Amino acid sequence: MVLAAPARLGAVRLVAIDGPSGSGKSTLAAGLVAELAERGVRAVVVPTDHFATWADPVSWWPRLVDGVLTPLSRGAAGHYRRNDWSGGTPRPGAEVEVAVPEVLVVEGVSAGRRSVLPVLSCLVWVEVSPESARLARSVRRDGAHTRPDFLRWQAFERGWFAVDGTRAAADVLIESGE
């Protein structure tokens with residue numbers, strides 16, 4: 001489906017994998033990139049976790065647009081400084097260069113936001129129910145100390161998705177139970 005869709009970000013097909021925290025977006029993105037690589041297609045993942053923080057869940061978006069999406073749309077490499085989460089609290093990390101791929105996968109909460117729809121080739125919504133299962137997956141992955149942060153994050157993302165309408169705009173829905 002991805003390769004059948006037209007490139008809308010210059011010559012790049014932009015795929016957004018979005019959905020609530022703990023739904024498996026990162027795993028799906030890695031699998032998609034691996035599958036495309038097996039077909040000889042150059043694909044790159046940019047996680048929204050490289051930009052978002054607990055205090056700034058979505059307003060960082062202009063950094064992605066200016067540093068990555070705009071240059072790629074013009075056929076030039078993109079650049080951004082990723083967050084380093086290794087200490088538990090995000091701080092500025094390494095500079096990342098994004099060479100022009102055939103497919104760019106942006107994965108994470110808000111990856112498929114309304115403002116990017118005109119340049120998306122495909123929007124995938126991934127969701128696991130119930131919310132408590134997603135919370136348990138997230139805490140298991142990132143540590144018990146993150147539970148209060150994820151509780152606040154889940155409250156935020158419920159409101160974000162309701163206002164942005166991301167799920168309704170998706171080309172592909174992937175839903176599963178625990």
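This one's a predicted model, so the numbers in the text were calculated from it and none came from an experiment. (Residues numbered from 1 in each chain as written. Predicted model: local features only at pLDDT ≥ 70, side-chain atom pairs only at ≥ 80, totals over all residues. Heavy atoms only, no water.)

Colleague: Give a description of empty space enclosed by the protein that names residues and reports values.
Modeller: The final tally for this structure, using the stated rule, is one cavity of 30 Å³ or more. Each pocket or cavity is described by its volume, and for the largest cavity that value is around 30 Å³. Going through the elements one at a time, strand 1 (13–18) and helix 2 (61–73) are the ones with two or more residues in the lining of the largest cavity. Its residues assigned to classes, the lining of the largest cavity shows eight nonpolar, no polar and no charged. (1 Å grid on protein atoms, 1.4 Å probe; cavity = no way out; pocket = protein on both sides within 12 Å on 5 of 7 lines; lining within 4 Å. Points joined across faces, edges and corners; volume = space filled by probe spheres on them. Helix = DSSP H or I, 4+ residues; strand = E, 2+ residues; numbered from the N terminus. Nonpolar A, V, L, I, M, F, W, Y, C, P; charged D, E, K, R; others polar.)

Colleague: Describe in detail the layout of surface pockets, supporting the description with residues and values.
Modeller: By volume, the largest pocket is sized at about 590 Å³. In terms of lining residues, the largest pocket is bounded by 26 residues, among which Asp 49, Ser 138, Arg 141, Asp 142 and Phe 150 are the most central. Put simply, the parts of the chain that give the lining of the largest pocket at least two residues each are helix 1 (25–38), helix 3 (131–142) and helix 4 (147–164). A per-element tally of the lining of the largest pocket places helix 3 first, with four residues. Within the lining of the largest pocket, the residues separate by chemical class into seven nonpolar, 13 polar and six charged. In this model, the second largest pocket occupies a volume close to 250 Å³. Considering the residues around the second largest pocket, the lining is formed by 14 residues, among which Met 1, Val 2, Leu 32, Glu 35 and Val 124 are closest to the centre. Secondary structure elements with two or more residues in the lining of the second largest pocket: helix 1, strand 6 (122–129) and strand 7 (172–177).

Colleague: Give me the environment of Asn 83: which residues, what numbers.
Modeller: Among the secondary structure elements, Asn 83 is positioned in strand 3 (residues 78–84). Of the residues examined, Asn 83 reaches a relative accessible area of 8% and is grouped as buried. Taking the C-alpha atoms as reference points, Asn 83 and Asp 49, separated by 34 residues in sequence, lie 7.3 Å from one another. Once residues lying within four places of it in the same chain are set aside, the contact partners of Asn 83 are Asp 49, His 50, Phe 51, Ala 52, Thr 53, Pro 90, Arg 91 and Gly 93. (Buried < 20%, exposed > 50% of the residue type's maximum accessible area, 1.4 Å probe, protein only. Contact = heavy atoms within 4.5 Å.)

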